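These are the residues of each chain, in order.
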Amino acid sequence: MPITRIALGNTAEASHPDALRAALAEFISMVIFVFAGEGAGMAFNKLSSDGPSTPAGLISASLAHAFALFVAVSVGANISGGHVNPAVTFGAFIGGHVTLLRGILYWIAQLLGSVVACLLLKFATGGLQTGAFALSSDVTVWNAVVFEIVMTFGLVYTVYATAVDPKKGNLGIIAPIAIGFIVGANILAGGAFDGASMNPAVSFGPAVVSWTWTHQWVYWLGPLIGAALAAIIYDTIFIGESTHEQLPVADY
């Protein structure tokens, strides 16, 4: 079971240069991703009175997030692994591919990156509010939780298959594209229902800047459950003990 490979890490890891560089890479990647994705939604709101509730708005959001995530994962892949998502980091932790302490560093960097991106957008647009995630009027909180579980499961499963699996071979080259595509497709599937977050940091930044916390827990619970399920299933069934890629050995 992957859960038996969970590693807490050494306390000195928090100040190790490699860990700090990786956290900085996560911060920068998150700024890039949220600024482009959230900014596209704000731009569409400015150009259309109906905003993202229209089919064109949904397609615009899907493409913006897919392209931005492709870039954000690519630029961080060689430094931090290009998680750009606390749920992905949690899935990697469950599978024993990142230590708890490094995961906490990533979470802090990712959340800060999202907040900074939203603050930059608010300043650059002359005070326009970044839109907080919200549920559609005909969607209950538990409907939304299921949406987030299933969509994040697909995302983290894709991450494991294309980036984590040691048998991936040349498939790792297209990992950022595949990850961007699954996020874009999931936004088309769930965007009209709960906004299709799949990423606690993406929903956290706009919530902080607009100070709108309604149903924020949905965008944490669903993605974390989906990520854990994907990590356990893929790591247990398709990677297994014999082919598991161990954590890097380093003196922190």
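Residues numbered from 1 in each chain as written. Predicted model: local features only at pLDDT ≥ 70, side-chain atom pairs only at ≥ 80, totals over all residues. Heavy atoms only, no water.

Going by the annotation in an unreviewed UniProt entry, the name recorded for the chain is Major intrinsic protein, with Macleaya cordata given as the source organism. Within the UniProt record for the chain, the comment given under Subcellular location (unreviewed entry) is "Membrane". In its Sequence similarities (unreviewed entry) section, the UniProt entry covering the chain states "Belongs to the MIP/aquaporin (TC 1.A.8) family. TIP (TC 1.A.8.10) subfamily." (UniProt positions renumbered as here; feature names shortened; annotations may be inferred.)

Draft legend 1. Molecular detail of the UniProt feature "transmembrane region" (unreviewed entry) in the chain. UniProt marks residues 20–44, 56–75, 87–108, 115–135, 141–160, 172–193 and 217–237 with the feature "transmembrane region" (unreviewed entry), using the numbering shown here. Taken as a whole, residues 20–44 contains 100% helix and 0% strand, while its terminal C-alpha atoms sit 36 Å from one another. What you have in residues 87–108 is 77% helix and 0% strand, and the ends, taken at the C-alpha atoms, are 13 Å apart. (Helix = DSSP H or I, 4+ residues; strand = E, 2+ residues; numbered from the N terminus.)

Draft legend 2. Representation of the packing of helix H5 (residues 141–164) against helix H6 (residues 175–194). Contact pair H5 / H6: the axes reach a minimum separation of 9 Å and the direction vectors enclose 175°. Classed by the angle they form, the pair H5 and H6 counts as roughly antiparallel. Taking contact as the criterion, the partners of Ala144, Phe147, Glu148, Met151, Gly154, Leu155, Thr158, Val159, Thr162 and Ala163 in H5 are, on H6, Ala175, Ala178, Ile179, Ile182, Val183, Asn186, Ala189, Gly190, Phe193 and Asp194. Looking at the contact of H5 with H6, its residues break down into 13 nonpolar, five polar and two charged. (Axes fitted to C-alpha atoms, helices over the stretch in contact; angles between N-to-C directions. Parallel < 35°, antiparallel > 145°, perpendicular 65-115°, else oblique. Contact = heavy atoms within 4.5 Å. Nonpolar A, V, L, I, M, F, W, Y, C, P; charged D, E, K, R; others polar.)

Draft legend 3. Broad picture of the environment of Phe33. Following the sequence through the fold, Phe33 ends up in helix H1 (residues 17–47). Residues Phe33 and Leu119, 86 residues apart in the sequence, show an inter-C-alpha distance of 14 Å. Contacts of Phe33, omitting those with residues within four sequence positions, involve His65, Ala68, Leu69, Ala72, Val84, Asn199 and Val202.

Draft legend 4. Layout of the packing of aromatic side chains. Applying the stated criterion across every chain yields a total of 13 aromatic pairs. Ring geometry for Phe153 versus Tyr157: centroids 5.7 Å apart, planes at 20°, classification stacked. In this pair, Phe153 and Tyr157 both sit in helix H5, four residues apart, roughly one turn of the helix. Residue class for Phe153 comes out partly exposed when judged on its relative accessible area of 25%. Aromatic pair Tyr157 and Phe238: ring centres 6.3 Å apart, planes at 90°, arrangement edge-to-face. Taken together, the residues span a long stretch of sequence, with Tyr157 in helix H5 and Phe238 in helix H8 (residues 218–239) at a distance of 81 residues. (Phe/Tyr/Trp six-rings, centres within 6.5 Å; stacked < 30°, edge-to-face > 60°. Buried < 20%, exposed > 50% of the residue type's maximum accessible area, 1.4 Å probe, protein only.)

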